[in-house]
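Take a look at the letters that make up each chain.
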Amino acid sequence: KYICAYTDFGFKRLFGSELNKDILISFLNSFLNLKDKIVDLSYLSLEQLGDLVTDRDAIFDVYCKTSDDAYIIVEMQNAAQNYFKDRSIFYSSFAIRNLAPKGVWNYQLKAVYTIGILNFVLEKDSESYRHEVVLYDKCSKAKFCDNIAYYYIELSKFTKNEDELETIQDKWMYAIKNLSDLKDKPSTFKEDIFTKLFEIALIANFTDKEKSAYKAS
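Note that this is a predicted model, so its numbers are computed, not measured. (Residues numbered from 1 in each chain as written. Predicted model: local features only at pLDDT ≥ 70, side-chain atom pairs only at ≥ 80, totals over all residues. Heavy atoms only, no water.)

Visitor: Would you take a moment to explain the side chain of Thr 114 for this structure?
Guide: With respect to the helices and strands, the residue Thr 114 is situated in strand E6 (residues 112-118). With residues up to four places along the chain from it excluded, the contact list for Thr 114 reads Ile 73, Ser 88, Ser 92, Ala 149, Tyr 150 and Tyr 151. (Helix = DSSP H or I, 4+ residues; strand = E, 2+ residues; numbered from the N terminus. Contact = heavy atoms within 4.5 Å.)

What follows is the structure, given as structure tokens:
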């Protein structure tokens, strides 16, 4: 009845559309430990080009800038990838590099956050489904800076049932993981943002072209 959020088409339909940016904002606010909640954002170009023809390019799933000038990359990775950590750091380097203006600059960086939603196990020695990675001083154990962070979300480790969902983050995890298996919107999903999510995900509302694109994806 509903699309699979793991697919490229499904993920971008739910989170990558200007018309649905309130859905992305709700998701981001539930996962990022930001002092101030995201109020608005704008979508940026997904294709990031190297400086030279021989340089490797990068294509993001979702790339946006918040009204507070934070840059956020969101990647959905369905299949296991041995070097996903390395890839996420490499991808973030494009966003970091783009912050450098031409001319005189004091090197102060805006925030760059990278989120990886993974349909495989990334950290075998951890039971937590959510990982927040920042730069820190190994000697003092103090955080080195706040403006570069990586968030990894392992869907397979989220095992709560519908009657165990307590927070918005719980509901987002449950929805992303189980959307294509659900027969209807769960009764506990009373928030308006989830009503919109399930309407957008309803395959019956697709055009023939959208259905073909989804099947291909």
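Visitor: What should I look at first to understand the packing of aromatic side chains in this one?
Guide: For any pair of aromatic rings, the description consists of the separation of the ring centres together with the inter-plane angle of the planes. Applying the stated criterion across every chain yields a total of 23 aromatic pairs. Judged by centre distance (5.7 Å) and plane angle (50°), the rings of Phe 15 and Trp 172 are tilted. Taken together, the residues span a long stretch of sequence, with Phe 15 in helix H1 (residues 8-15) and Trp 172 in helix H4 (residues 168-178) at a distance of 157 residues. For the pair shown, Phe 15 and Trp 172 are each scored as buried. Aromatic side chains Phe 189 and Phe 198 sit 6.0 Å apart centroid to centroid with 90° between the ring planes, which places their arrangement in the edge-to-face category. The same class applies to Phe 189 and to Phe 198, which are both buried. (Phe/Tyr/Trp six-rings, centres within 6.5 Å; stacked < 30°, edge-to-face > 60°. Buried < 20%, exposed > 50% of the residue type's maximum accessible area, 1.4 Å probe, protein only.)

Visitor: I would appreciate a short explanation of the side chain of Glu 154 in the present structure.
Guide: With respect to the helices, strands and loops of the structure, Glu 154 is situated in strand E8 (residues 148-154). Polar side-chain contacts of Glu 154 include one of 3.0 Å to the side chain of Lys 157. Discounting residues that sit within four places of it in the chain, Glu 154 has contacts with Leu 118, Phe 120, Val 121, Leu 122, Glu 123, Ser 128, Tyr 129, His 131 and Met 173. (Polar contact = N/O pair within 3.5 Å; in protein donor to acceptor, adjacent residues only side chain to side chain.)

Visitor: Help me understand the environment of Ile 203 in this model?
Guide: Mapped onto the elements of the fold, Ile 203 is located in the loop between helix H5 (192-201) and helix H6 (208-216). What makes Ile 203 partly exposed here is its relative accessible area of 24%. In the structure, Ile 203 is positioned 23 residues away from Ser 180 in sequence and 9.9 Å away in space, judged by C-alpha atoms. Not counting the four nearest positions on each side in its chain, Ile 203 is found in contact with Lys 1, Tyr 2, Ile 3, Lys 211 and Tyr 214.

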